[in-house]
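Below are the chains, spelled out letter by letter.
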Amino acid sequence: MLEGLPPNNAATVLRLTCSEAQARTAADVIVEFFDPAETAAAAFEDEDSPADPKPWALEVFFGHPPDEVYVRGLLEGAVGAECAQGAVFGQVAERDWVARSLEGLHAVRAGRFLVHGSHDRPFVRSHDVALEIEAALAFGTGHHGTTRGCLIMLDGLLKRRRPHHVLDLGTGTGVLAMAAAKVLHRPVRCGDIDRIAVEAAAANARQNGVGTSVRPVVSVGTRHATLRAGAPYDFIFANILAKPLRLLAPEIRAVAAQDAALILSGLLPRDVPGILSSYAAQGFALRRRLTLEGWCTLLLG
Ligand code: SAH
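Residues numbered from 1 in each chain as written. Predicted model: local features only at pLDDT ≥ 70, side-chain atom pairs only at ≥ 80, totals over all residues. Heavy atoms only, no water.

### Some points on the overall build of the protein
- In terms of helices and strands, the protein carries ten helices and 14 strands.
- Evaluated residue by residue, the protein yields a buried proportion of 54% over its 301 residues.
- Across the protein, the fraction of contacts at a sequence separation of at least 24, relative to all contacts at a separation of at least 6, is 68%.
- Carbon together with sulfur atoms contributes 53% to the accessible area of the protein, which is approximately 13600 Å² in total. (Helix = DSSP H or I, 4+ residues; strand = E, 2+ residues; numbered from the N terminus. Buried < 20%, exposed > 50% of the residue type's maximum accessible area, 1.4 Å probe, protein only. Contact = heavy atoms within 4.5 Å. Areas by Shrake-Rupley, 256 points an atom, 1.4 Å probe, with all protein chains shown as cover.)

### So, the environment of Leu14
- Following the sequence through the fold, Leu14 ends up in strand E1 (residues 10–18).
- We classify Leu14 as buried; its relative accessible area is 0%.
- Residues Leu14 and Glu59 lie 45 residues apart in sequence; the distance between their C-alpha atoms is 5.6 Å.
- Beyond its immediate sequence surroundings of up to four residues, Leu14 is in contact with Leu58, Glu59, Val60, Phe62, Val71, Leu75, Ala87, Val88 and Phe89.

### Here we look at the site of the ligand
- The immediate surroundings of the ligand are formed by 16 residues, with Thr147, Gly170, Asp192, Gly221 and Asn239 found nearest.
- At a separation of 2.7 Å, an oxygen atom of the ligand approaches a polar side-chain atom of Asn239.
- In isolation the ligand offers 580 Å² of accessible surface; the protein chains occlude 86% of this area.
- Residue classes in the shell around the ligand are distributed as six nonpolar, eight polar and two charged. (Near = heavy atom within 4 Å. Polar contact = N/O pair within 3.5 Å; in protein donor to acceptor, adjacent residues only side chain to side chain. Nonpolar A, V, L, I, M, F, W, Y, C, P; charged D, E, K, R; others polar.)

### Quick look at the packing of helix H1 (residues 20–33) against helix H2 (residues 68–79)
- The N-to-C vectors of H1 and H2 enclose an angle of 135°; their axes lie 9 Å apart at closest approach. Viewed along their axes, H1 and H2 adopt a mutual orientation that is oblique. The handedness of the crossing between H1 and H2 is right-handed. Two secondary-structure elements touch here, H1 through Gln22, Thr25, Ala26, Val29, Ile30 and Phe33 and H2 through Tyr70, Val71, Leu74, Leu75, Ala78 and Val79. (Axes fitted to C-alpha atoms, helices over the stretch in contact; angles between N-to-C directions. Parallel < 35°, antiparallel > 145°, perpendicular 65-115°, else oblique. Left-handed = near helix turned anticlockwise from the far one by under 90°.)

### Considerations on the nonpolar core
- By size, the foremost hydrophobic cluster in this structure holds 34 residues, and its most contacted members are Phe113, Leu131, Leu151, Leu154, Phe235, Phe237 and Ile263.
- Mapped onto this core, the elements with two or more residues apiece are strand E6 (113–116), strand E7 (129–132), helix H5 (145–158), helix H6 (175–184), strand E9 (188–192), strand E11 (233–239), strand E12 (256–267) and strand E13 (286–292).
- The leading source of residues in this core is H6, at nine residues.
- If near-sequence neighbours (up to four positions away) are discounted, Ile263 is found in contact with Cys150, Met153, Leu154, Phe235, Ile236, Phe237, Ala238, Thr297, Leu298 and Leu299.
- The next biggest cluster of nonpolar side chains, apart from the first, holds 26 residues, and it includes Tyr233, Ala257, Ala260 and Cys296. (Core = buried A, V, L, I, M, F, W, Y, C linked by side-chain atoms within 4.5 Å.)

### Overview of the sheet that holds E7
- As summarised here, the arrangement of the three strands in space is E5-E6-E7, forming an open sheet in which the pairing is mixed. Two strands close off the open sheet at either side, each with one partner strand: strand E5 (108–110) and E7. Mean inter-strand twist for the sheet, computed between neighbouring axes without regard to direction, equals 25°.
- Taken together, the four bridges between E6 and E7 define a ladder with parallel strand orientation. (Pairing = 2+ DSSP bridges.)

### Let's talk about the UniProt feature "binding site: S-adenosyl-L-methionine" (unreviewed entry) in the protein
- Those places that UniProt annotates as "binding site: S-adenosyl-L-methionine" (unreviewed entry) correspond, in this numbering, to Thr147, Gly170, Asp192 and Asn239.
- Since its relative accessible area comes to 9%, Asp192 is described here as buried.
- When near neighbours in sequence (up to four residues on either side) are disregarded, Asp192 contacts Gly170, Thr171, Gly172, Ala197, Val198, Val217, Val218 and Ser219.
- One can find Asn239 in strand E11.
- With near-sequence residues (within four places) excluded, Asn239 lies in contact with Thr146, Thr147, Cys150, Leu169, Gly170, Leu176, Ser265 and Gly266.
- Looking at Asn239, its side chain comes within polar contact range of the side chain of Thr146, at 3.0 Å. (UniProt positions renumbered as here; feature names shortened; annotations may be inferred.)

Below is the structure:
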């Protein structure tokens, strides 16, 4: 499947069979060292294996060809030389790599949510809040630790309160906005700086039956009038990255209700102190912190 593609039109995929702990550690290390916008790393149980118990696998898609020697060195540090020797590099057609990164992986659970592609529809159980995402050129398939962290945080928050006015900044595929719209049965305002992401999010919202309640707009932060008009919000997602999140702190405060809850993600552990001080200056305190695959998700309020 991975053979025979011209290298100049290819992205690189790395596969390693190992234990669960090794796969998780290796995924953490890879996402720490590569640009998350260009790299998808996932650790999962290899359901196709006939072995019992089933082994785990690490699968990494690189948007740009990585230095294989460097990657092997990282893997050796993470899982030991013997295991790292089993790493196999292959290639997939470049335009397909995002789709493949979803296809090759199985549906991902995050609390009550199940993020899946159309091929995994049979795995949806009756009580799941299912989010069907076709991997487009927008970020947010639920396999990334930041998206999953936000969904898990939302799931926990919903056990304690029921937000009424929700905003999702940096919506990507629209996954978080759709999750909130589905459980709350309310419109969710959302925006992204990237027009392709906005188009993908609108298509995903229609596909998921929330096309009327999730209408993404192209907006830098909260600049679009539609996003400002929905204020004050009692619940805001912003899964972006540390630098834009620090810059956005005052405008997030400006559209937030007094007792608003914020879920922020896209943060490495070293980013957290700076983010906490920027948001403390706006009156927000840390309520919960979750780290997945090396990414921190924060609940502030
Ligand atoms: N919310 C999705 C996607 C997160 S990726 C999820 O959780 O999976 C981050 C998104 O933020 C990208 O789609 C990017 O285009 C967008 N983004 C980056 N800076 C932004 C800004 N200043 N304002 C709005 N969106 C921004």
